[in-house]
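Read off the chains here:
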Amino acid sequence: MIVHTELRRAAGHARRTLLAATLLQGAVTLTHLAQAALLALALAHLARGETSGLPWLLAAVLAVVAARAGLALWQRRTATRAGARVRVALRDELLAQLGRLGPAHLTTARAGAVRTTLVDGVEGVDAYVSRYLPQLLITLTVPPLVLAALAVVEPWALLGLVPALLLALAGPRAWDRLLAARGKEHWDTYEGLGADYLEALQGMPALRAAGAVGRTRARLEERSAALHRATVAKLRVSLVDTAITDLAIQGGTVAAALLACWSSVTGSTTATGTYLVLLLASECFRPVRELAREWHAGYLGVSAADGLQALRTAEPAVPDTGAAPAHWTTPPEVRFDDVRFAYDGTSAPALDGVSFTAQAGRTTAIVGPSGAGKSTLLALLLRHQDPQRGTITLDGRPTTEYTLDSLRQGIAVVSQETYLFHASIADNLRLARPGATDDDLTRAARVAGVHDEIAALPDGYATVLGERGATLSGGQRQRLALARALLADAPVLVLDEATSSVDERREADILRELMNAASGRTVLVVAHRLAAVRHADRIVVLDEGRVDAVGEHTGLVEAGGVYARLVDAGRAHRGELAA
Ligand SMILES: Nc1ncnc2c1ncn2[C@@H]1O[C@H](COP(=O)(O)OP(=O)(O)OP(=O)(O)O)[C@@H](O)[C@H]1O
């Protein structure tokens, strides 16, 4: 009978439908009571040898049975509708929250665990809210009413029924704490296993390359065995619950029957009274029995409630307190001013005293050795995190003053990690702009240098991609992601190693086209291959979290320093490849 606050909150998403489902459940229960009363009357008639009224009583029983079938169907449909409403509302809410939390959340939470909460946890809440909760309300109201009715007919029967009912309802509560602990253990193991499987599936190429498939399989087997142990431990406690309930129900019914027989023998009650006690005593416990059954269906929801609450109430890495919409009419200037940022748990800052300006409508390249802080800089611009010191402004306004949604809509990003969905190429492109025409798609794909390859596919833009775009090469995936970002038509375009999987010649072509297409946007490009950024209007050289130099390609090469060393290293690398 555990009612977690999160589950009560979830029920609020379909309050009226749930109320209707509960009332219908009450009506179904009343048909059971009516049937028991009618049968008791029929049996009493038989005992007295009066057969005249019997056909009417039996016809009434049949009518009640038919009414129950209809009501039960109606009830199930209403409960299913309520559950679906709760499920949809909950998933909507959680997805919006995940959007607010941003990628920073997934560096601490495992994607598979979040998936389990979002899919299985929400399914569990549906079962709990739509099946267990209505039954709980019926159980708390109907048996007391039946007892009140029996008190009028045969008060002695209450001597057996009341203690049994109290034991059936309150007895299992002694195990609630243990059950909650076992439930949490079970859910944590279940979530962990889900996360492990997802990681193993996504990392299969790496596991195969490292010859680690066998070891991973053994680890997953051990995890499955741990889940089995947690399930058995949970069931053991749960079965004790059921055993106590069953014992109380059986004991109470037998006690009530004996007391009714005794009253009948001593002549203190009529035949009708005796049959009513015999049949209604069992009906008194029906809601308790059904509650125990629904408990097993809704138990997953109880176990998942903590996880759901944690996800729903998790604090985003940055507060969304800005009010200004990031709707710039002309491309904004992007300015970093004395920015310092250190990741949690690290002492050395990833960026320290970083100041530079990316001019409005121009292309600024950010280069530097691995670990220099380039990706961190872009993450701060997108407010996945906020700097601990300094400000980042767009159009003169700090990023913190813009609403998060509009800020992120105003900045289109193509990163090294492209994500394409299991959908057609056209649908993948239209993610950025659902209203884009076919001509818009073609134009963007041409600039990104992928149109000819798409057109050569048998289904062209209608070609359905495998999961994560698996049917395309790495370079094709990146160019599609590039086309998608161009379609977004955002005033700021960020390319984070966006052409790293594309061969060098094609990269130069794409970037030339891109500069033309993006003219009028503020573009920030991060690229390892310096040939890709040599034509940028301005190059910012980062080294160990600090700005080493800012300038143009020729000037930076002449000045020596980090940039010149990177250029030399690139030449040497190309030479090695050519040799
Ligand atoms: N999530 C994180 N937690 C802790 N430290 C991090 C995290 N991400 C990056 N760092 C550290 O911050 C520093 C800057 O990393 P960043 O990824 O910004 O460099 P980068 O220039 O983009 O490198 P690369 O060119 O290799 O992608 C590095 O020292 C890195 O180890």
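Residues numbered from 1 in each chain as written. Predicted model: local features only at pLDDT ≥ 70, side-chain atom pairs only at ≥ 80, totals over all residues.

## Digging into unusual backbone geometry
- With phi around 60°, Asp395 is a residue other than glycine that occupies positive phi space.
- The residue Asp395 is located in the loop between strand E4 (389-394) and strand E5 (397-398) in this model.
- One non-glycine residue, Glu544, adopts positive backbone phi at about 45°.
- One can find Glu544 in the loop between strand E9 (538-543) and strand E10 (546-551).
- Classification of Glu544 as partly exposed rests on a count of 16 C-beta atoms within 10 Å. (Helix = DSSP H or I, 4+ residues; strand = E, 2+ residues; numbered from the N terminus. Buried ≥ 20, exposed ≤ 12 C-beta atoms within 10 Å, placed from the backbone.)

## Considerations on the packing of helix H4 (residues 111-153) against helix H5 (residues 158-170)
- Two elements in contact, H4 and H5, have axes separated by 11 Å at closest approach and are oriented at 170°. By the criterion of interaxial angle, the relationship of H4 to H5 is roughly antiparallel. As H4 runs across H5, the sense of the crossing is left-handed. Of the residues in H5, those in contact with Pro143, Leu147, Leu150 and Ala151 of H4 are Leu158, Leu161, Val162 and Leu165.
- Of the residues contributing to the contact of H4 with H5, the split by class is eight nonpolar, no polar and no charged. (Axes fitted to C-alpha atoms, helices over the stretch in contact; angles between N-to-C directions. Parallel < 35°, antiparallel > 145°, perpendicular 65-115°, else oblique. Left-handed = near helix turned anticlockwise from the far one by under 90°. Contact = placed C-beta atoms within 7 Å. Nonpolar A, V, L, I, M, F, W, Y, C, P; charged D, E, K, R; others polar.)

## Here's the deal with the site of the ligand
- Near the ligand you find twelve residues, and of these Tyr343, Ala350, Ser370, Ser375 and Thr376 are the closest.
- The element best represented in the shell around the ligand is helix H10 (residues 374-381), accounting for three residues. (Near = placed C-beta within 6 Å.)

## Some details on the domain arrangement of the chain
- Taken as a whole, the chain is organised into domain 1 (5-313) and domain 2 (334-578).
- A C-alpha centroid distance of 53 Å is found between domain 1 and domain 2. (Domains from an automatic or database assignment.)

## Section: the confidence of the model for the chain
- This prediction gives the chain a mean pLDDT of 86; 95% of its residues lie at or above 70.
- Summarising per-element confidence for the chain, the mean pLDDT is lowest in helix H16 (residues 504-517) (70) and highest in strand E1 (residues 334-341) (96).
- For this predicted complex, the interface confidence score (ipTM) comes to 0.97, while the overall pTM stands at 0.71. (pLDDT = per-residue confidence, 0-100.)

## Describing the UniProt feature "transmembrane region" (unreviewed entry) in the chain
- Feature annotation in UniProt places "transmembrane region" (unreviewed entry) on residues 52-74 and 132-150, given in this structure's numbering.
- With 91% helix and 0% strand, residues 52-74 has end C-alpha atoms that lie 35 Å from one another.
- For residues 132-150, the helix share is 100%, the strand share is 0%, and the end-to-end C-alpha distance is 27 Å. (UniProt positions renumbered as here; feature names shortened; annotations may be inferred.)

## Focus: the packing of helix H6 (residues 176-202) against helix H8 (residues 213-266)
- As a packed pair, H6 and H8 sit with axes 9 Å apart at the nearest point and diverge in direction by 160°. Here H6 is positioned roughly antiparallel relative to H8, judged by the angle of their axes. Both H6 and H8 take part in a crossing whose hand is left-handed.
- Of the residues that constitute the contact of H6 with H8, the class distribution is twelve nonpolar, eight polar and six charged.

## Thoughts on the sheet that holds strand E2 (residues 351-358)
- Taken together, the four strands give an open sheet; going across it, the order is E2-E1-E4-E5, and neighbouring strands pair in antiparallel fashion. Because the sheet does not close on itself, it has two edges, and the strands there are E2 and E5.
- Pairing of E1 with E2, which is carried by five bridges, proceeds in the antiparallel orientation. Bridged to Arg335 within E2 is Thr357.
- With respect to the sheet, H10 is in contact with E1, E2 and E4, its orientation differing from that of E1 by roughly 115°. (Pairing = 2+ DSSP bridges.)

## Overview of H10
- Across the eight residues that make up H10, a large majority, six, are buried.
- If you check which residues of H10 are buried, you get Lys374, Thr376, Leu377, Ala379, Leu380 and Leu381.
- Once H10 finishes, Arg383 follows within two positions and takes phi at roughly 55°, a positive value.

## Quick word on the environment of Leu311
- Looking at where Leu311 falls in the secondary structure, it is placed in helix H9 (residues 271-313).
- With 210 residues separating them in the primary sequence, Leu311 and Leu101 have C-alpha atoms 9.4 Å apart.
- Setting aside chain neighbours within four positions, we find Leu311 in contact with Leu94, Gln97, Val114 and Thr117.

## What about the sheet that holds strand E8 (residues 522-526)?
- Read from one edge of the open sheet, six strands run E6-E7-E8-E3-E9-E10, paired in mixed fashion. Either end of the sheet is taken by a strand with one partner, and the two such strands are strand E6 (411-414) and E10. On average, each strand axis in the sheet is tilted by 20° relative to the strand beside it, whichever way the strands run.
- In this sheet, strand E7 (residues 492-496) lies alongside E6 in parallel orientation, the contact comprising four bridges. Considered in E7, the bridge of Val414 is made with Leu495.
- Across the sheet, H10 lies against strand E3 (363-367), E6, E7, E8 and E9, angled at about 150° from E7, the strand it touches most.

## Some words on the pairing of E4
- Pairing of E1 with E4 involves five bridges; the strand directions are antiparallel. Residue Asp337 lies in a different strand from E4, and its bridge partner there is Thr391.
- Taken together, the two bridges between E4 and E5 define a ladder with antiparallel strand orientation. Across the sheet, residue Leu394 finds its bridge partner in E5, namely Arg397.
- Connecting E4 to the antiparallel partner E5 that follows it, the hairpin turn spans two residues, and Asp395 within it adopts a positive phi of roughly 60°.

## Thoughts on H5
- Over its 13 residues, H5 runs 17 Å from end to end, which matches the ideal 18 Å to within 8%, given 1.5 Å per residue.
- Every buried residue of H5 is accounted for by Gly160, Leu161, Ala164, Leu165 and Ala168. Along the long axis of H5, the arc covered by the buried residues comes to 110°, so they all point the same way. Exposed positions of H5 whose direction lies more than 90 degrees from the buried face are Leu159, Leu166 and Ala170.
- Its buried side turned inward, H5 meets H4, H8 and H9. (Expected span 1.5 Å × (residues − 1). Arc of directions from axis to C-beta.)

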